[in-house]
Amino acid sequence: MTSAAQMPASSGSTFSLHQDTQHTTEADPLRTAKGVYVTVHGHFYQPPRENPYLDAIERQPSAAPFHDWNERIHWECYRPNAFARVLNDRGEVVGIVNNYEYMSFNIGPTLMSWLERYDMEVYQRILEADTKSSQRLHGHGNAIAQVYNHIIMPLANERDKYTQIRWGKEDFKSRFGRDPEGMWLAETAVDYATLTALVAEGIRFIVLAPSQAQRCRLLPTKNDPHPEWHEVGGSQIDPTRPYRCYLKPSLSIASSPLNTIHSNGKTDRSMSASKEESIEGLPYIDIFFYDGPISRDMGFSDVVYSSSHFAGRIGSAVRGDHRPAQLISVGTDGETFGHHKKGTEKTLAYAFTGEFPHQGWTVTNFAHYLSLNPPTWEVELKSITAWSCAHGVDRWQDDCGCGGEGGVWHQKWRRPLRNALNWLRDQLVEVYEQQGRQLFRDPWQARDEYIEVMRDRSPANVSRFLSRHQTHKLTAAEQVDALRLLEMQRHALFMFTSCGWFFEEISRPEGTQILRYASRALELAGDVAGVQLEKGFLKRLGLAPSNVDHFKHGAEIYRQLVLTAQIDFKQVAAHYAITSLFSNHKNTPSGDGVNKGQHTYPNRVYCYSVNELDYQMQRMGALTMVVGQLKLVSEITWESEHLVFAVLHLGGWDFHCCIQQFTGRRDYSQLKDKLFGALQKASASQSILVMTQLFGDETFSLQNLFAEERHRIMRLLSQETLTRLDQLYTQAYRENYGVIMAFHRDELTVPQELQVAAEIALSYRCMMTLRSLEQDITDSQLSWNHIAELEAIATEAKHLRCRLNIPEGKQILEQLIVRSLWQALHDANGSLDADIQRLERLIDIGHQLNLGVSLQRSQELYYRCLQSQILPLCLTTQANEEDATHCRQLLKLGQKLAVDVSAIWHKLE
């Protein structure tokens, strides 16, 4: 059986990725519906994890060694699928496939926003994949849109339904440069009111689970105006064809999210009226139902660990009834491929470009298949359903048992949480309409179009948006209120993100996150309208029982995990002030011994711009004091504050920071004189006393900093101690080297203290050498010296059985390998022999040090050059021995990088 992504070694590195060349028959299945078509759909999504105050994801320790879960899943799934390997039986790279070019996919807008900021290369690969698939499939790209932040549409009110669709459409169009043909519904949750909104917004099709269909029939014709209905409520619907779903008047009464959800699986006859209705002229939407059993196996069995096994499972669904065309479509969470099931992006890559074409199947997407094979069947849906709940959509509003499988925890908190948020939403609607009509010509149109600002918060773009929607020329204060109102509505939508209800406990990070959005919306409502809604909200949250005794109920979770995470301007100013002590200054000593000058610290703290108006520092013995004033402006709401800060660093981890409003230049000048006067007495207690007298009792310390910068400063403060310890361990290691070797010679266990000293000393020496090499990589002689030193360290570590724990060293070495490769491939003036030799030795050092060095980036760089430069060079070298030698050197380098170049070698021989 072929492994996940293996093909015979003889296939060579000229592996073709152009599957449309497989079709040599007269009827082209890309133009005419003929044969078997396969669509694999990946629903790629991460919930919004950003701190509502900072507009950034903070470090999540549970995702270690990565910064956060987005980053972890990115390296396990999103990036590997953009550069999926096809390997031969020697484990060499035969091809690198962009899986997004061959699979149908939706990527949540909040995830795409993160990808755009975090990894532009992968983001561009995704956009390019849609463009290339559109070219291959005659104008139908693989990407479909998604409702914006993954809310359960049947539980949303009508306005929220439309905003979710409009935001999803506009975000999609701004990225992919075209209107979406289809849209993914969160959890495939659907009712007829949602279908009505989708049709009104021009969405042509959706994808659902087979269990969501109630009955189907052939479309009426003149010869058969009343075809027989077939009940398929038990997932019996044939998923190999598209269906047309008409929005019939008799079905409209099921549109309300308050409509009873039938959890017993019986037909809601309001959805399937016994009286036949004419469908002529009725609005409709087309629906694909993915293959349920195969899709379930993809998520919960080992079928996707082997491309041949996967193809066999797909083949088992092909109907043998001689129909002209059929579609085998499967769908699952995109994170299955690489994150949940490691390495399975390789399965997809070889299935798309090897197994499926070999079977004579055409890889397509839903929109393309629909263009070739419009529906000939009609379907009616069950009233309100989703793919991950057997009880309609109760998983997101009730204690239905879904999400708590096998556990002892209840989900009685779900209904009170839903009720509390619904109440808050309705209260915020009143605030928005009352305040918004004074600022916006049409407040709800302004909300629908606010996605334009969410995509681009530049001052010029925000100003254009406000000018377009304002009732009159807004003052600066009115502009702030307008943006506050829109942000209030954004957070009111984000607080309904489905993940908050998905799991078994309200105090999980997902539940806490949606409560943070609710808290921010409450705060903004208070800022604009002066309303106090928090008490009523907490009263309702108190009815949501937690499974965790410590929390008791939702109100206590809110108090402990949400209120404590709120951030105000003073905290941002304190963060800036304390961290400024660890940044660079261009200070000019003045006559009074105080350093004055421009501070080169970045003029931005997350989503706050900083305008530093004054900054003065003075040191007295172990004490350092900084006094300054700054203006902070929120880039989100444009609100601003002018603040004065003072920081006293007592040495080590001890900081005393105070913040207050700027009250005038005279007051500020007097404050500075008093503070620096107190410092002259070289007394920490006297300085703190004066700070308290001037600023009051509220103080900030290192603990109040935002996590990222707090951790950076902790590392900086620890560095001197760690360096001293490294030197002590190195001395102990050198003095006892012979003793350690003696233990090894006699095969005795080395005393732990000596073994630890050896590992720390060698790790320290290795890191120092790697940093020196990083600085001197362009200096030929110095770089060779550093490489020789690293080889000596590797040999020493092997003899002493030391395992070096230097994750930073792994990253440095990977970057050095990529830099050296780029130089070897592109530097025409360099010595190729020397470049290749250096590169080979760096790769060997990574293996010898057991650092787990990844060659993926280097392989991707080499593979691009193999196709664009090396292969053309090698095919034209017969008359030029110098070029032939050059080509052999480059091919040898490919072998070192585990890229299969055997086919090109054979051509040269």
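Before any of the text, the structure's been laid out above.
Residues numbered from 1 in each chain as written. Predicted model: local features only at pLDDT ≥ 70, side-chain atom pairs only at ≥ 80, totals over all residues. Heavy atoms only, no water.

## Details of the sheet that holds strand S10 (residues 230-231)
- Judged by pairing direction, the sheet is mixed, and its six strands sit side by side in the order S8-S12-S11-S15-S9-S10 without closing on themselves. The open sheet is flanked by strand S8 (205-208) and S10, the only strands paired with a single partner.
- As paired elements, strand S9 (residues 213-218) and strand S15 (residues 377-381) share five bridges and run antiparallel to each other. Bridging across to S15, Leu218 finds its partner in Trp377. (Pairing = 2+ DSSP bridges. Helix = DSSP H or I, 4+ residues; strand = E, 2+ residues; numbered from the N terminus.)

## Side note on the state of the cysteines
- On inspection of all chains with the given rule, the structure shows one disulfide.
- The disulfide that involves Cys874 links it to Cys887, with 1.5 Å between the sulfurs. Because the torsion about its S-S bond is 90°, the bridge between Cys874 and Cys887 counts as right-handed. Remark: Cys887 occurs in helix H29 (residues 881-896) and Cys874 occurs in helix H28 (residues 856-874); sequence separation between them is 13 residues.
- The class of Cys874 is buried, set by a relative accessible area of 6%.
- Judged by its relative accessible area of 0%, Cys887 falls in the buried class.
- The structure places no disulfide on Cys77, whose sulfur is separated from the nearest cysteine sulfur, that of Cys499, by 16 Å. (Disulfide = S-S within 2.5 Å. Buried < 20%, exposed > 50% of the residue type's maximum accessible area, 1.4 Å probe, protein only.)

## Observations regarding the environment of Ala197
- Here Ala197 lies in helix H5 (residues 192-200).
- Using a relative accessible area of 0% as the deciding quantity, one classes Ala197 as buried.
- Sequence separation of Ala197 and Glu158 is 39 residues, and the distance between their C-alpha atoms is 8.2 Å.
- With residues near it in sequence (within four places) discarded, Ala197 still touches Tyr162 and Ile165. (Contact = heavy atoms within 4.5 Å.)

## Observations concerning the side chain of Lys161
- Within the secondary structure layout, Lys161 lies in helix H4 (residues 158-176).
- Buried Lys161, no salt bridge; nearest opposite-charge side chain is Asp191, N-O distance 4.2 Å.
- Within the structure, Lys161 has its side chain in polar contact with the backbone oxygen of Met153 (distance 2.9 Å).
- Here Lys161 is in contact with Met153, Pro154, Ala156, Asp191, Ala193 and Thr194, once residues within four sequence places are set aside. (Lys, Arg positive; Asp, Glu negative; His and termini not counted. Salt bridge = Lys/Arg side-chain N within 4 Å of Asp/Glu carboxyl O. Polar contact = N/O pair within 3.5 Å; in protein donor to acceptor, adjacent residues only side chain to side chain.)

## Topic: the nonpolar core
- Within the largest apolar cluster, 207 residues are counted, with the highest numbers of intra-cluster contacts made by Val40, Leu195, Phe310, Phe356, Phe537, Tyr862 and Leu891.
- Residue contacts for Leu891: discarding those within four places in its chain leaves Tyr862, Ile870, Cys874, Val901, Ile904, Trp905 and Leu908. (Core = buried A, V, L, I, M, F, W, Y, C linked by side-chain atoms within 4.5 Å.)

## Considering the pairing of strand S4 (residues 93-97)
- Extensive coverage of S4 is indicated by the burial of five of its five residues.
- Taken together, the four bridges between strand S3 (residues 84-88) and S4 define a ladder with antiparallel strand orientation. Note that in S4 the partner of Leu87 across the bridge is Val93.
- From the end of S3 to the start of S4, which pair antiparallel, there are four residues, and Gly91 there has a positive phi angle of about 80°.

Scope: geometric values only; no functional claims are made or implied.
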